[in-house]
Amino acid sequence: MTAAAVPRLELVGVTKRYPGVVANDDVNLRVMPGVIHAILGENGAGKSTLMKIIYGAVRPDVGDLVWNGRQVAVESPREARALGISMVFQHFALFDSLTVAENVWLGLDRRVSRRDLLARIAELARAHDLGVAAPEAARTAADLAADLAPDLAPDLAQRRVSELSVGERQRVEILRALFTDPQLLILDEPTAVLTPQAVETLFVTLRRLAAGGCSILYISHKLDEVRALCTQCTVLRGGRVTGELDPRTATNAQLSQLMLGAQPPARAEAPSAAQSLTDGPPALEVRNLSLPRRNRFGVALEHISLSLRAGEILGVAGISGSGQGEILDAISGEDARVQAGVISMAGADVSRASTGARRALGLRTVPEERIGRGAVPTLSLAANTLLTRRDAVASSGLLRWPTARALAARLIERFRVRARGPESAAGSLSGGNLQKFIVGREVDAGPRVLLVAQPTWGLDVGAAAEIRNHLSALASGGVAVLVVSEDLAELFELCSELVVLARGRLSPRVAVRDATVAQIGQWMSGLFPEPAEAALAASNDPPVALVPGGPGANAHA
Amino acid sequence: MPSGGVSPTSSQDADPASPRPASVSMPGVVLLPVPEPRLGLQPLRSAVLAVASPLAALAITVVVGAVLFTAMGKSAGTGLAMFFVEPLRGARGLSELAVKATPLALIALGLSVSFRANIWNIGAEGQFIAGAIAATAVAMRAGPETSHAVVVPIVLAGLGGGMAWGALTAWLRDRFNASEILVSLMLVYVAEMLLGYLTYGPWKDPEGFNFPQTATFAEATEIPKLAAGHRANVGLLIALAAAPVGWLFLSRTYAGFQLVVCGAAPSAARFAGFSARRGLWTALLVSGGLAGLAGALEVAGPLGQLTPHLPVGYGFAAIIVAFVGRLHPLGVLLSSVLMSVFYIGGELAQSRMGLPSALTGVFQGLLLFALLGSDAWVARVRGPNR
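Notes on the structure follow. (Residues numbered from 1 in each chain as written. Chains lettered and ligands numbered in written order. Predicted model: local features only at pLDDT ≥ 70, side-chain atom pairs only at ≥ 80, totals over all residues.)

### A look at the overall build of chain B
So, point 1. Helix and strand counts for chain B stand at 13 helices and zero strands.
So, point 2. Ordered by position in the sequence, the α and β elements of chain B form the string α-α-α-α-α-α-α-α-α-α-α-α-α.
So, point 3. Counting the 386 residues in chain B, one finds 53% classified as buried. (Helix = DSSP H or I, 4+ residues; strand = E, 2+ residues; numbered from the N terminus. Buried ≥ 20, exposed ≤ 12 C-beta atoms within 10 Å, placed from the backbone.)

### Some words on the sheet that holds strand E11 (residues 284-291) of chain A
For sheets, the rule is that strands pair by backbone hydrogen bonds, running either parallel or antiparallel.
Residue and element names in this part refer to chain A.
So, point 1. The strand order E12-E11-E14-E15 describes an open sheet built from four strands, whose pairing is antiparallel. For this open sheet the edge positions go to strand E12 (301-308) and strand E15 (348-349), each flanked by a neighbour on one side alone.
So, point 2. Pairing analysis gives three bridges linking E11 to strand E14 (residues 343-345), with the strands arranged antiparallel. The residue of E14 that forms the bridge with Glu 285 is Ser 344. (Pairing = 2+ DSSP bridges.)

### Side note on the packing of helix H4 (residues 124-139) of chain B against helix H6 (residues 180-200) of chain B
Two quantities define a packed helix pair, namely the angle between the helix axes and the distance between the axes.
Residue and element names in this part refer to chain B.
So, point 1. Contact geometry of H4 with H6 gives a least axis separation of 7 Å together with a crossing angle of 30°. Of the possible angle classes, the one that applies to H4 and H6 is roughly parallel. The way H4 lies across H6 gives a crossing that is left-handed. Facing H4, whose interface residues are Glu 125, Gly 126, Ile 129, Ala 130 and Ile 133, H6 presents Ser 184, Leu 187, Val 188, Val 190, Ala 191, Glu 192, Leu 194, Leu 195 and Leu 198.
So, point 2. Classifying every residue of the contact of H4 with H6 gives 10 nonpolar, two polar and two charged. (Axes fitted to C-alpha atoms, helices over the stretch in contact; angles between N-to-C directions. Parallel < 35°, antiparallel > 145°, perpendicular 65-115°, else oblique. Left-handed = near helix turned anticlockwise from the far one by under 90°. Contact = placed C-beta atoms within 7 Å. Nonpolar A, V, L, I, M, F, W, Y, C, P; charged D, E, K, R; others polar.)

### Details of the sheet that holds strand E6 (residues 85-88) of chain A
Residues and elements named next belong to chain A.
So, point 1. The sheet built from six strands is open, its strands ordered E6-E7-E8-E3-E9-E10 with mixed pairing. With partners counted over all chains shown, the strands left at the sheet margins are E6 and strand E10 (240-245), one partner each. Neighbour-to-neighbour, the strand axes of the sheet open up by a mean angle of 20°, direction not taken into account.
So, point 2. Pairing analysis gives five bridges linking strand E7 (residues 184-188) to strand E8 (residues 215-220), with the strands arranged parallel. Pairing of Leu 187 across the sheet is with Tyr 218, part of E8.

### Regarding the nonpolar core
So, point 1. Counting 195 residues, the largest nonpolar core has Val481(A), Val483(A), Ile107(B), Val261(B) and Ala318(B) as the members making the most contacts within it.
So, point 2. In this structure, Val481(A) is in contact with Ile313(A), Leu450(A), Val452(A), Leu471(A), Leu474(A) and Ala475(A), ignoring residues within four places of it in sequence.
So, point 3. Listed in part, the 66 residues of the second largest apolar core include Val31(A), Trp67(A), Val100(A) and Val241(A). (Core = buried A, V, L, I, M, F, W, Y, C linked by C-beta atoms within 7 Å.)

### Points about the environment of Gly354(B)
So, point 1. Structurally, the position occupied by Gly354(B) is in the loop between helix H12 (329-353) and helix H13 (359-382).
So, point 2. Separated by 280 residues in sequence, Gly354(B) and Lys74(B) place their C-alpha atoms 9.9 Å apart.

### Examining the pairing of strand E4 (residues 62-67) of chain A
Residues and elements named next belong to chain A.
So, point 1. Sheet topology note: the strand E1 (residues 9-18)/E4 ladder contains five bridges and is antiparallel. Bridging across to E4, Val 12 finds its partner in Asp 64.
So, point 2. With three bridges joining them, E4 and strand E5 (residues 70-72) adopt antiparallel strand pairing. Residue pairing in the sheet places Leu 65 in a bridge with Val 72 of E5.
So, point 3. Between E4 and E5, which pair antiparallel one after the other, the connecting turn spans two residues, and Asn 68 there sits at a positive phi close to 55°.

### Considering helix H7 (residues 235-252) of chain B
Three- or four-residue spacings in an α-helix give side chains the same orientation, since the helix completes a turn every 3.6 residues.
All names here are of chain B.
So, point 1. The end-to-end C-alpha separation of H7 is 25 Å, in line with the 26 Å expected for 18 residues at 1.5 Å each.
So, point 2. Three or more residues of H7 are buried, namely Gly 235, Ala 239, Ala 243, Gly 246, Trp 247 and Leu 250. The buried residues of H7 all sit within an arc of 125° when viewed along its axis, so they share a single face. Among the exposed residues of H7, those oriented more than 90 degrees off its buried face are Ala 241, Pro 244 and Val 245. (Expected span 1.5 Å × (residues − 1). Arc of directions from axis to C-beta.)

And the structure:
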């Protein structure tokens, strides 16, 4: 490479101040062509601001940007894209009501015919294995027909974004970024929701891109990923560069120290599987739950049975779009189609109970989407407590705002949420802080059963550790916790046992200490032994009799 | 990240419903073609701008109005005086203003609740007519010896008639998932047909020289006036009382909060277990009921009989009133006065300056258009939240 001596991108003394905070303080950064360069740092370390400066969305107060040896002023993302800088965001910027193709088209700066667009999307998706697997994820009898006539299967480019899972949306974002053949690709926490296999695929894609001369800025909190993928690493803390090193030769401890200035907060001991679980009926039991798809791209649930005992953390692994949302909605009561006798809490049938009634019984949920579902972004934190808490609702139906504000203030303090106060709009919080608030809102309510989806997606190590600590503490206190996550490492760390969800079917349970990543990865694609209980329950369907199974029925063991 | 706390202006109970896309204030999202807020009739977050934007819109309306008068060969000063000063002069002027502002305020209050819930009832005109018809059915039974207390059942009948008309829309939406926008609008024409049928047919005054109108109602049915010799009646007090009640409902009750969440974030409402159906029915019953009430006050007040000329567009103008009032019950009171000024100004411009009375519609449209423009401009100036 002749251009090897000229850095692809160089930042010299970049400083950006906001009122009350210095986001970037004299930051120097040098990214060579074809290098995968990691940017490590906690939330608030200034990574996002730095990326915004590179991407032209924010002007630095001081400092220079040198692009391929030429000093440039990037005035707008459009100019950045014209230079050859693409970015994949942690928070998606997709229009829900439009199709994948339309979303890609909207991000383009030049005119492309519809046919070329579709062809290019298909080509990119194939080349980089970024397909959004509709027929894979939702295979039913009807889909078999689609398999035989693939042209009729819902095509990736034609699918509506609102029907895609988080993981799939991210793949659309990556695809969109690759569309312009960038020379520098910025990825913000790209692997948070991918399976280990998909992460490997992504890494292959990124390495191939890098080998082709494209530089990659890889923002992540996951030290092992950075070490596996990146050859250069710049660590930020409090807006300053605290280290530049080769992550392959650095230890986790070194990197953490540079990031945090200290060791990461210690995690409480995960509850061991040997911990004695209380007898009596399980805190939550689902017996032979089958539900047809709720829309064209939904997933049908087939004979789902699981039981959750007080004090245990059960993990549900699986590729996004395997039916996770469907199961959670059925258990939480948002999906009102469940028939009587399917879901019970501590022996009481709640299958037909409303969301509110289940919540009153101690069933609480932390949904996957924080913004717009777990919280209303335009409302204050105080108002957002009212979504699931009735502390501030008087029996007359009037609201006691001081109580709501006091509750929000308590949550902010107890769960160390970085926010101005109870009056801050939920949408003004960073992802990690909003998640701490939402988890805190449910944890603080004293649940008996807690369902959590993607608890730490997109969070920095500090916030993630705090949230996992809260979940572990809950379980130690006798709460039954169900964690649905696409982050296998997290499940292995947090849970005592795992099940895998694939295409709407649930695998047998496996104790974490007996499981391997390879095995779970295989199960994620649907290759697991048929659970005996599902077969049994399917053949005869007694509405009252308890189905044998639950924790003891490790069919594979 | 510096954007951790940069959105200081959101005032939660005053202005909770602005459906700003979630992503706008999140770090990192501002960069791509982010879903721009719909060119929108939506409350802005900042309290100051929520007031500043309508004032700017009013200023634009005045300026464009001046140009318009000049273009029509009239003095801009005289024309503007006719529109903005003349209607406010004297007790009679104020009384006439109240006659117009009362139905506008009542209807717009209901619409504010409905729009906050993201239920787009644009058929208030039909609910207004239905209320007037129901009130007439009661009023026509009154004779010379009927007690004055009959106004209470008349007003309640109007309320019920409007609610029933609104309930039709709610039922069609609930049962068949029909768009409430289309259904409520089409039901306006159904209501007009019904009004025409009744006044040309069974309810026609036999002694009315074949005019399509009911007999003049008995003395006792008349809504009590505020002052002798002026047409303004106690409907004004009802509207003035309804505004704080509406404000309390939206900002201080759990039911109102649920309604607002249903409108601002339907997924969050489902997650919380708030019933979207209840939101739908509440929104349409409240807005339909208030429109019907306005209809009853109109037919048993200034009109004193039911005629096919009852609907003059209050139900549609109230949509503008609601938005100019920022969907805030107290703002609605102010904007209803402003819109009434336009109504009377248009009449005065016709009778005294020989200008077409369509000017009223022009001014109303101008105001709404300028408001949209100001909002879009304000959103742009403020930028996408850093």
